[in-house]
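Listed here are the chains, written in short residue letters.
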Amino acid sequence: MKNLSTKDFYEFLCQQSKNIGVQVLKSNSLDLELLIKLIGNSKKLNIVKSSDGYLSEVKHENINVTDRSKQTTNFSLHTDGAYYSLPPYGIVLACYDPGLGDAPTYFSDTTAAINKLSEQNLKTLLALNYTYIAKDSTFYTRPLIEKHPFNNNLITNLTSRGFLSPVVNPNNLQEIPEVFDYSQAFEMLRVAISDSLVLEHYWEKGDILVFDNYTYLHGRRGNEKPDYSRHLSRLWFNVKVS
């Protein structure tokens, strides 16, 4: 695997832009501060600010246990940046220290999962909203099933904290799915997501993961005991619409 410079990696992001998928790359010299500047001056990409700023350090902290990104224990499949009306498209994770190396990041293809659903279950899920409960207890609601902005594939953006609710049309309450129906349909989606895993990556120093945050849910398989030496860094970006 080629050892990329920061400029090489930036050019890779620009070339791939709307077709990133989920990819593992290598760089022993990646400078994320420089990458942020390059993206900030780019004609193709935008840098996206998270609640931590433009660059987030993914290390175990005991201060705020509701912030799962600041842990090394289990973190269920989720979408980053669900508090945005349109979450960030691209996620970059860079490994500076794998720690014990036993907390892999794993991915599920939500388009593949949705394609496994029956027509009736999909119809039921299309009539639902999903509400994310942020770490400050703010609610953010979006359709459970949406279209990918670049390819129109059906996708779902989920989080570790949230709940389902029907889309309510007060002029036609008969369209609201019954609780048992949508609970069953969501269980079928959950099973399909579990059956659509595409990658489980065990980290090594210098690894970079870049992925489409719309299509792929990602999570962490960790142990109950914290790994204080594990250190990843993360940044978000979007593709400019021409």
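Presented here is a report on the structure given in the accompanying data block. This one's a predicted model, so the numbers in the text were calculated from it and none came from an experiment. (Residues numbered from 1 in each chain as written. Predicted model: local features only at pLDDT ≥ 70, side-chain atom pairs only at ≥ 80, totals over all residues. Heavy atoms only, no water.)

Comments concerning the side chain of Thr 79
Then comes step 1: Within the secondary structure, Thr 79 is located in the loop between β4 (75–78) and β5 (90–97).
Then comes step 2: Classification of Thr 79 as buried rests on a relative accessible area of 4%.
Then comes step 3: A polar side-chain atom of Thr 79 sits 3.4 Å from a polar atom in the side chain of Asn 157.
Then comes step 4: The contacts of Thr 79, once residues within four sequence positions are left out, are Pro 87, Thr 156, Asn 157, Leu 158, Thr 159, Asn 213 and Leu 217. (Helix = DSSP H or I, 4+ residues; strand = E, 2+ residues; numbered from the N terminus. Buried < 20%, exposed > 50% of the residue type's maximum accessible area, 1.4 Å probe, protein only. Polar contact = N/O pair within 3.5 Å; in protein donor to acceptor, adjacent residues only side chain to side chain. Contact = heavy atoms within 4.5 Å.)

Observations concerning the sheet that holds strand β7 (residues 128–133)
Then comes step 1: Spatially, 3 strands are ordered β8-β7-β11 in an open sheet, and the strand pairing comes out antiparallel. Because the sheet does not close on itself, it has two edges, and the strands there are β8 (139–143) and β11 (162–166). Strand-to-strand twist of the sheet, defined as the mean angle between neighbouring strand axes without regard to direction, takes the value 25 degrees.
Then comes step 2: In the sheet, β7 pairs with β11 via 5 bridges, with the strands oriented antiparallel. Its bridge partner being in β11, Asn 129 is matched across the sheet by Ser 165. (Pairing = 2+ DSSP bridges. Axes fitted to C-alpha atoms, helices over the stretch in contact; angles between N-to-C directions.)

So, the sheet that holds β4
Then comes step 1: The strand order across the open sheet formed by 4 strands is β4-β14-β6-β12, and the pairing between neighbours is antiparallel. Edge positions in the sheet fall to β4 and β12 (197–201), since each of these pairs with one other strand and no more. Direction aside, the axes of adjacent strands within the sheet are offset by 15 degrees on average.
Then comes step 2: The pairing of strand β6 (residues 105–109) with β12 spans 4 bridges and is antiparallel.

Side note on the nonpolar core
Then comes step 1: Counting 24 residues, the largest nonpolar core has Phe 9, Leu 13, Val 210 and Phe 237 as the members making the most contacts within it.
Then comes step 2: Sorting the residues of this core by element identifies α1 (6–16), α2 (32–40), β5, β13 (207–212) and β15 (231–239) as the ones contributing at least two each.
Then comes step 3: The element best represented in this core is α1, accounting for 5 residues.
Then comes step 4: With 21 residues, the next largest nonpolar core counts Leu 122, Leu 128, Ile 145 and Tyr 182 among its residues. (Core = buried A, V, L, I, M, F, W, Y, C linked by side-chain atoms within 4.5 Å.)

Notes on the side chain of Asn 157
Then comes step 1: Mapped onto the elements of the fold, Asn 157 is located in the loop between β10 (154–156) and β11.
Then comes step 2: On the basis of relative accessibility, which here comes to 4%, the residue Asn 157 falls in the buried class.
Then comes step 3: For Asn 157, the contacting residues outside a window of four places in its chain are Thr 79, Pro 87, Tyr 130, Arg 142, Leu 144, Glu 146, Asn 213 and Tyr 214.

What to know about unusual backbone geometry
Then comes step 1: Look at Ser 17: it is not a glycine, yet its phi comes out positive at around 30 degrees.
Then comes step 2: Note on placement: Ser 17 falls in the loop between α1 and β1 (22–26).
Then comes step 3: One non-glycine residue, Ser 137, lies in positive phi territory at about 75 degrees.
Then comes step 4: Within the secondary structure layout, Ser 137 lies in the loop between β7 and β8.
Then comes step 5: Take Ser 137: its relative accessible area is 54%, and that puts it in the exposed class.

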